[in-house]
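Summary of structural features
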Amino acid sequence: MKVAVLGSGNGGTALAADWSLAGHDVYMFDFEEFQQNIEAINKNGGISSEGEVEGFAKIKYAGTDIKNVITGADLIFVVGPAYSTKPFGEICKDYIEDGQIVIVCPSSCAGSIVFKNALNDSNKENIIVAETSTLPYACRITEPGKVKVFLKLRGGLLIAALPSHKTPEVYELFKEVYPNASVAKNFLQTTLQNGNPVIHPAVTLLNAALIERTKGDFYFYEDGVTPAVGKLIEAIDKERLNLGEKLGFDILSEPDLGYIQGYMQIANYEEGYSTADGFKGIKAQSSLDHRYLNEDVGYGLVFMSELGKQFGVPTPLMDSMIEITSVLVQKNYREEKVRTMENLGLNKFSLEELYQ
């Protein structure tokens, strides 16, 4: 297959290497402002990967020519932070072809809807856009053109397509590299099974002074998650689970999911994160103005909070996290509304309509 990977960050590089090593022709794209890694991949002719994805992965093309990358692609992966999904959709819309399959990986809360909306005036109605609940890897770029994959998920990876009856078709291709993935009912289940908004903001908030004092010179999980921090994660997670119950989904708790994925060896909040093999060696961010708040609060918690309002599920702790972290970084996450049911055009639909 021809596989297009949009995004050359940690996740995009790991995913491109994995699909190439599985025998597929991989083409990579990124915007000009993110050229350092993709230029190294182009110069080297591929990606050097170590860890749970091991070997030199040949890449057919790596650069800024989006037409070359997506034309004729059997699968198009959109791999990046939440703010990148819309720009990727907008740059694709003039070249994407009827019948192509796009997978937003990870969703970061309804990413498939965002990408689909960005294609609205492309006059192509048969494009399938899917999303995953999370990134399939724990990984870091060690230097341009090189990536280390600490963990490839053992399970706990969900995928859903728009419309939902197309999910089995996408899954048949997706499972070649991710055989332990599971089919979700729809995009709301993949969205709610994303645990990053539950974990990252809580750990960041309760370690704010340490982050500012040390510029992130400590281990985010090993040092940052004490029993008290675990209690806050648990309380926020309960609100997410309540949302899932209201919407009719079996959402796994964060520790249970982490255990299934292979990150954690103890499935509880108070010690599971600090002792997890999959989280060892991950340094904290150097400042509070970071995706652990900008993405996981601004996109994630705000989305879940607004979803709760729409369907009558109280989320007082999520609401508090939104307000407090907005003060810390001097951004009004609630007012920005970068990812809500309203700005996605979904606030007027019933649950039954959203399940389609």
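Residues numbered from 1 in each chain as written. Predicted model: local features only at pLDDT ≥ 70, side-chain atom pairs only at ≥ 80, totals over all residues. Heavy atoms only, no water.

Quick notes on the overall build of the protein chain
The following threshold applies: Secondary structure follows DSSP: runs of H or I at least 4 residues long count as helices, runs of E at least 2 residues long count as strands, and numbering of each begins at the N terminus. The globule rule used for comparison is 2.2 Å times the number of residues to the exponent 0.38, while the radius of gyration itself is calculated over C-alpha atoms. The buried label applies to any residue whose accessible area, calculated with a 1.4 Å probe on protein chains only, is under 20% of its type's maximum; exposed applies above 50%, and partly exposed to all values in between. Residues count as neighbours in contact if any of their non-hydrogen atoms are within 4.5 Å of one another. In short, Shrake-Rupley with a 1.4 Å probe defines the accessible areas, and a residue's cover is counted only from the protein chains shown. For the charge count, each Lys or Arg is scored as positive and each Asp or Glu as negative, with His and the chain ends excluded. Where a charge lies is defined by one atom per residue type, namely NZ (Lys), CZ (Arg), CG (Asp) and CD (Glu).
Helices and strands together make up the secondary structure of the protein chain, namely 16 helices and 12 strands. The C-alpha radius of gyration computed for the protein chain amounts to 19 Å, which stays within 12% of the reference 21 Å derived for 356 residues, consistent with globular compactness. On the principal axes, the C-alpha backbone points of the protein chain span a range of 50 × 45 × 35 Å. A buried classification covers 56% of the 356 residues belonging to the protein chain. In the protein chain, the proportion of contacts linking residues at least 24 apart, taken out of those at least 6 apart, comes to 72%. As displayed, the protein chain has an accessible area near 14400 Å², and 47% of this comes from carbon and sulfur atoms. Charge separation in the protein chain, taken as the distance between the mean sites of 32 positive and 47 negative side-chain charges, equals 2 Å.

Describing the sheet that holds strand 4 (residues 55-58)
Through backbone hydrogen bonds, the strands of a sheet pair up, either in parallel or in antiparallel fashion. Keep this limit in mind: Pairing between two strands requires that DSSP report at least two bridges joining them. For helices, the fitted axis covers only the stretch in contact; all axes are lines through C-alpha atoms, and the angles between them, taken along N-to-C directions, range from 0 to 180 degrees.
Taken in spatial order, the four strands make up an open sheet running 4-3-10-9, and their pairing is mixed. Where the open sheet ends on each side, the last strands, each with one partner, are strand 4 and strand 9 (137-143). Direction aside, neighbouring strands of the sheet carry axes that sit 30 degrees apart on average. Here helix 1 (residues 10-21) sits on the sheet and contacts strand 3 (46-51), strand 4, strand 9 and strand 10 (146-152); the angle it forms with strand 9, its principal contact strand, is near 100 degrees.

Focus: the pairing of strand 11 (residues 158-162)
Short version of the rule: For crossovers, right-handed means that the path from the first strand over the helix to the second runs clockwise, given strands pointing away from the viewer.
Among the five residues in strand 11, five count as buried, and that is most of the element. Across the two faces of strand 11 the burial is the same, with Leu 158, Ala 160 and Leu 162 and Ile 159 and Ala 161 all buried. The pairing of strand 8 (residues 128-132) with strand 11 spans four bridges and is antiparallel. The partner of Ala 130 across the bridge, within strand 11, is Ala 161. As defined by bridge partners, strand 11 adjoins strand 12 (residues 182-183) across two bridges and the pair is classed as parallel. Considered in strand 12, the bridge of Leu 158 is made with Ser 182. In this region the chain leaves strand 11, passes through helix 6 (residues 167-174) and returns to the parallel neighbour strand 12; the handedness of that crossover is right-handed.

Quick notes on helix 5 (residues 111-118)
A large share of helix 5 lies buried, amounting to six of its eight residues. Inspection of helix 5 places Gly 111, Ser 112, Ile 113, Val 114, Phe 115 and Ala 118 among the buried residues, and these make up the whole buried set. Where helix 5 is buried, its residues contact strand 6 (75-78), helix 4 (85-92), strand 7 (101-104), strand 8, strand 11 and helix 7 (187-192).

Observations concerning the pattern of salt bridges
Here is the rule we go by: The term salt bridge refers to a pairing of a side-chain nitrogen on Lys or Arg with a carboxyl oxygen on Asp or Glu at a separation within 4 Å.
Under the definition given, this model contains 14 salt bridges. Two residues, Asp 277 and Lys 280, come together in a salt bridge whose shortest N-O distance is 3.4 Å. Residue Lys 280 is classed as partly exposed on the basis of its relative accessible area of 46%. A salt bridge links Lys 309 to Glu 306; its shortest N-O distance comes to 3.5 Å. You can see Lys 309 and its partner Glu 306 sitting in helix 13 (residues 296-311), three residues apart, about one turn around the helix. With relative accessibility at 18%, the residue Glu 306 sits in the buried group. Taken together, the shared-partner salt bridges in this structure form one network comprising Glu 306, Lys 309, Asp 319 and Arg 334.

Brief notes about the nonpolar core
This is how the line gets drawn: For our purposes a nonpolar core is just a set of buried Ala, Val, Leu, Ile, Met, Phe, Trp, Tyr and Cys residues, chained together by side-chain atoms within 4.5 Å.
By size, the foremost hydrophobic cluster in this structure holds 97 residues, and its most contacted members are Met 28, Phe 77, Ile 103 and Ile 233. A per-element tally of this core places helix 13 first, with seven residues. Leaving out residues up to four positions away in the same chain, Phe 77 has contacts with Val 3, Ala 4, Val 5, Leu 6, Leu 15, Trp 19, Ile 103, Cys 105 and Phe 174. Formed by 20 residues, the second largest nonpolar core is a distinct cluster that contains Ala 73, Cys 92, Val 102 and Ile 127.

Focus on helix 4
The condition is simple: An arc is given here, and it is the one of the directions from the helix axis to the C-beta atoms.
For helix 4, every residue scored as buried is listed here: Thr 85, Phe 88, Gly 89 and Cys 92. When helix 4 is viewed along its axis, its buried side chains cluster within an angular range of 100 degrees and face the same direction. The elements touched by buried residues of helix 4 are strand 1 (2-6), strand 2 (25-29), helix 3 (66-70), strand 6, strand 7 and helix 5.

Section: the packing of helix 10 (residues 227-247) against helix 14 (residues 316-329)
Quick reminder of the rule: The cut-offs work like this: below 35 degrees is roughly parallel, past 145 is roughly antiparallel, 65 to 115 is roughly perpendicular, and the gaps in between are oblique. In this count, Pro and Cys sit with the nonpolar residues alongside Ala, Val, Leu, Ile, Met, Phe, Trp and Tyr, while Asp, Glu, Lys and Arg are called charged and the others, Gly among them, polar.
Two elements in contact, helix 10 and helix 14, have axes whose closest approach is 8 Å; the angle formed by their N-to-C orientations is 120 degrees. Taken together, the axis directions place helix 10 and helix 14 in an arrangement best described as oblique. The residues of helix 14 that touch helix 10, namely those facing Leu 232, Ala 235, Ile 236, Glu 239 and Arg 240, are Pro 316, Leu 317, Met 318 and Met 321. For the contact of helix 10 with helix 14, the residue count by class is seven nonpolar, no polar and two charged.

Points about the packing of helix 8 (residues 196-206) against helix 13
Filter applied, for reference: When the near helix sits turned anticlockwise from the far one by under a right angle, the crossing is termed left-handed; a clockwise turn instead gives a right-handed crossing.
The geometry of helix 8 relative to helix 13 is characterised by a closest axis approach of 9 Å and an angle of 125 degrees between their N-to-C directions. Taken together, the axes of helix 8 and helix 13 are oblique relative to one another. Classified by chirality, the crossing of helix 13 by helix 8 is left-handed. Listed contacts from helix 13 to Asn 196, Pro 197, His 200 and Pro 201 of helix 8 are Asp 296, Val 297, Gly 300, Leu 301 and Met 304.

Considerations on the packing of aromatic side chains
Condition: Between rings of Phe, Tyr and Trp, where Trp is taken as its six-membered ring, a pair exists when centres lie within 6.5 Å; planes separated by under 30 degrees are stacked, by over 60 edge-to-face, and by other angles tilted. Remark: a charge is flagged as sitting over a ring if the NZ atom of Lys or the CZ atom of Arg is within 6 Å of the ring centre and within 35 degrees of the ring normal.
One pass over the full model with this rule turns up 13 aromatic pairs. Where Tyr 137 meets Tyr 178, the ring centres are 6.1 Å apart and the plane angle is 65 degrees; that geometry is what we call edge-to-face. You can see Tyr 137 sitting in strand 9 and its partner Tyr 178 sitting in the loop between helix 6 and strand 12, a full 41 residues away along the chain. Among the residues examined, Tyr 137 registers a relative accessible area of 3% and is labelled buried. When its relative accessible area of 4% is taken as the criterion, Tyr 178 is described as buried. Taken together, the aromatic side chains of Phe 220, Tyr 221, Tyr 263, Tyr 273, Phe 279 and Tyr 292 make up a single cluster linked through ring pairs. Looking at Lys 2, its charged tip hangs above the ring of Tyr 27, at a distance of 4.2 Å from the centre. The ring of Tyr 219 carries the charged tip of Lys 283 above its face, separated from the ring centre by 6.0 Å.

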